[in-house]
Amino acid sequence: MELIQKTPDLSAYLAADEVIDHHHPLVRRTAARLARDAEDSYAYARLAFEFVRDTIPHSQDSGDPRVTWRASDVLEQGTGICYAKSHALAALLRAEDIPTALCYQKFDVVHGLVAVRFNGAWHRQDPRGNKPGVDAQFSLDGERLAFAPDPEFNELDYPVLYAEPHPAVLDALKAAPDRAYLWKTLPTAL
């Protein structure tokens, strides 16, 4: 599948905003701590991915009722669903000048992940969090995502790479007082 930048200007995929708030002190401190153990940007990207995947539980898996959407809140509260975890990873990567896009897949509901740009190409990564039956890995040599869409069930990969969260995703996150409510209002298509 060919991934398509929604915004042609690559600098948009480095920008900070209300959601991908990589200027926030907690995001900066976390990025600096991870960067100390990385010999280059590839190693840093892997460390940031593994940090978000492994140390921030997916709130559905852990039963956490809180809804986070801003990257700094995900890091502070240590919880989030796929979208929120993707926002946190994007902020950590952008904090170290790695172009990062938000992208999506469609299953029963829309699933969020990121794409990182290395060597002139985009590479999708899924920081959702592993569990039995889910084994997402950081990879620049072929995708190792949490889920593979099955077209027979009307599942698909959306090819568009967004610099900011899709409005349907962000609206659902912001409107949800808790995860139970969010689960009833997750977008089913983009």
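Refer to the structure printed above.
The structure presented is a predicted model; accordingly, all values stated were derived computationally and were not measured. (Residues numbered from 1 in each chain as written. Predicted model: local features only at pLDDT ≥ 70, side-chain atom pairs only at ≥ 80, totals over all residues. Heavy atoms only, no water.)

Student: For this particular structure, what's the right way to read the packing of aromatic side chains?
Tutor: To describe a pair of aromatic rings, you give the distance between the ring centres and the angle between the ring planes. Under the counting rule described, the total for this entry stands at six aromatic pairs. Considering the side-chain rings of Tyr 13 and Trp 122, the 5.3 Å spacing of their centres and the 65° angle between planes classify their relative orientation as edge-to-face. One end of the pair, Tyr 13, is in the loop between strand E1 (4–5) and helix H1 (25–36); the other, Trp 122, is in strand E4 (residues 121–125), and 109 residues separate them in sequence. Residue Tyr 13 is classed as buried on the basis of its relative accessible area, which comes to 0%. Since its relative accessible area comes to 13%, Trp 122 is described here as buried. One cation-aromatic arrangement involves Lys 174 over Trp 69; the distance from NZ or CZ to the ring centre is 4.8 Å. (Phe/Tyr/Trp six-rings, centres within 6.5 Å; stacked < 30°, edge-to-face > 60°. Helix = DSSP H or I, 4+ residues; strand = E, 2+ residues; numbered from the N terminus. Buried < 20%, exposed > 50% of the residue type's maximum accessible area, 1.4 Å probe, protein only. Lys NZ or Arg CZ within 6 Å of the ring centre and 35° of its normal.)

Student: What's the story with the pairing of E4 in this structure? I'm lost.
Tutor: A regular strand places its side chains on the two faces of the sheet in alternate fashion. For E4, a buried count of four out of five residues is recorded, marking the element as mostly surrounded by other parts of the structure. Where strand E3 (residues 110–118) lies against E4, five bridges are found, and the strand directions are antiparallel. The residue of E4 that forms the bridge with Val 114 is Gln 125. (Pairing = 2+ DSSP bridges.)

Student: What is the right way to read the pattern of salt bridges from this model?
Tutor: A side chain with one charge may pair with a side chain of the opposite charge, provided their charged atoms come close. If you walk through the whole model with that rule in mind, you get ten salt bridges. Here Glu 18 ties to Arg 70 by a salt bridge, and the two come within 3.8 Å at their closest N and O atoms. Linking Glu 18 in the loop between E1 and H1 with Arg 70 in the loop between helix H3 (59–62) and helix H4 (71–77), this pair joins segments that are 52 residues apart in sequence. Arg 70 gets classed as partly exposed once you look at its relative accessible area, which sits at 23%. When salt bridges with common partners are traced through the structure, they connect Glu 18, Arg 70, Asp 73 and Lys 174 into a single cluster. (Salt bridge = Lys/Arg side-chain N within 4 Å of Asp/Glu carboxyl O.)

Student: Just checking my understanding: could you explain the packing of H1 against helix H5 (residues 82–95) for this structure?
Tutor: For any two helices packed against each other, the geometry is given by the interaxial angle and the distance between the axes. Relative to each other, H1 and H5 sit at 65°, their axes nearing to 9 Å. By the angle between their directions, the pair H1 and H5 is classed as roughly perpendicular. For the crossing formed where H1 meets H5, the hand is right-handed. Residue-level contacts link Val 27, Arg 28, Thr 30, Ala 31 and Leu 34 of H1 to Ala 91, Leu 92 and Ala 95 of H5. Residue composition of the contact of H1 with H5, by class: six nonpolar, one polar and one charged. (Axes fitted to C-alpha atoms, helices over the stretch in contact; angles between N-to-C directions. Parallel < 35°, antiparallel > 145°, perpendicular 65-115°, else oblique. Left-handed = near helix turned anticlockwise from the far one by under 90°. Contact = heavy atoms within 4.5 Å. Nonpolar A, V, L, I, M, F, W, Y, C, P; charged D, E, K, R; others polar.)

Student: What's the story with H1 in this structure? I'm lost.
Tutor: Because an α-helix completes one turn every 3.6 residues, residues spaced three or four positions apart along the sequence face the same direction. Under the 1.5 Å per step criterion, the end-to-end length of H1 is 17 Å for twelve residues, consistent within 8% with the ideal 16 Å. Within H1, burial applies to Leu 26, Val 27, Thr 30, Ala 31 and Leu 34. Down the axis of H1, the buried side of the element spans an arc of 130°, and every buried residue falls inside it. Those residues of H1 that are exposed and aimed more than 90 degrees away from the buried face are Arg 29 and Arg 36. Of the surrounding secondary structure, the elements contacted by the buried residues of H1 are helix H2 (41–55), H4 and H5. (Expected span 1.5 Å × (residues − 1). Arc of directions from axis to C-beta.)

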